[in-house]
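Remarks on the overall topology
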Amino acid sequence: ISASQHPSAYTHVQTAAMEEAVSFDELKSSVVGVLESSGALAEIRAHLRSRVYKAIRRQEGNEGPSQKLCRFSADLIAEFLEFHNLQHSLSVFYAEAHLGEVAQG
């Protein structure tokens, strides 16, 4: 369907798509808010950090992570934060982990 052939149908499809996007964003915000206020989001983050650390320890034979594995872990966590559009958390993570500037993508 092109806009010139059926302008009202095209506008209706556009409006429906925009409403769906807004509804998804509202739902996402609501879910994140509930998870943050209940502490579940912090638990998930802590669990993820724990799993990454345990995996590194197993890989290194309990000698402690090497610099390369530390960087890999940091990149993995940064990718997770970026994927979930947690830009503020990502910028705080980069600053606290002394990893330099957040890549703009």
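Nothing here was measured: the structure is a model prediction, and the numbers come from that model. (Residues numbered from 1 in each chain as written. Predicted model: local features only at pLDDT ≥ 70, side-chain atom pairs only at ≥ 80, totals over all residues. Heavy atoms only, no water.)

1. Some details on the environment of Arg71
- Locating Arg71 in the fold gives a position in helix α3 (residues 67-83).
- When its relative accessible area of 38% is taken as the criterion, Arg71 is described as partly exposed. (Helix = DSSP H or I, 4+ residues; strand = E, 2+ residues; numbered from the N terminus. Buried < 20%, exposed > 50% of the residue type's maximum accessible area, 1.4 Å probe, protein only.)

2. Structural notes on α3
- A rise of 1.5 Å per residue sets the reference length of α3, with its 17 residues, at 24 Å; its end C-alpha atoms lie 24 Å apart and thus fit the reference within 8%.
- Phi turns positive, to about 55 degrees, at Asn85, one or two residues after α3. (Expected span 1.5 Å × (residues − 1).)

3. Topic: the layout of surface pockets
- In this structure, the largest pocket encloses a volume near 390 Å³.
- Lining the largest pocket we find 17 residues, and of these Arg45, Arg49, Ile77, Leu81 and Phe93 sit closest to its centre.
- Counted by class, the lining of the largest pocket contains 12 nonpolar, two polar and three charged residues.
- Roughly 220 Å³ of volume is contained in the second largest pocket.
- Considering the residues around the second largest pocket, the lining is formed by Lys28, Val31, Val32, Leu35, Leu41, Ile44, Arg45, Phe80, His84 and Leu86.
- Ranked by residues supplied to the lining of the second largest pocket, first place goes to helix α1 (residues 7-38) with four residues.
- Looking at the lining of the second largest pocket, its residues break down into seven nonpolar, one polar and two charged. (1 Å grid on protein atoms, 1.4 Å probe; cavity = no way out; pocket = protein on both sides within 12 Å on 5 of 7 lines; lining within 4 Å. Points joined across faces, edges and corners; volume = space filled by probe spheres on them. Nonpolar A, V, L, I, M, F, W, Y, C, P; charged D, E, K, R; others polar.)

4. Regarding the packing of α3 against helix α4 (residues 87-96)
- Between α3 and α4, the least distance of the axes is 8 Å, while the angle of their chain directions is 160 degrees. Relative to α4, α3 is oriented roughly antiparallel. Of the two possible hands of crossing, α3 and α4 adopt the one that is left-handed. Contacts between α3 and α4 involve Ala74, Ile77, Ala78, Leu81 and Glu82 from the first element and Gln87, Ser89, Leu90, Phe93 and Tyr94 from the second.
- In the contact of α3 with α4, the residues fall into seven nonpolar, two polar and one charged. (Axes fitted to C-alpha atoms, helices over the stretch in contact; angles between N-to-C directions. Parallel < 35°, antiparallel > 145°, perpendicular 65-115°, else oblique. Left-handed = near helix turned anticlockwise from the far one by under 90°. Contact = heavy atoms within 4.5 Å.)

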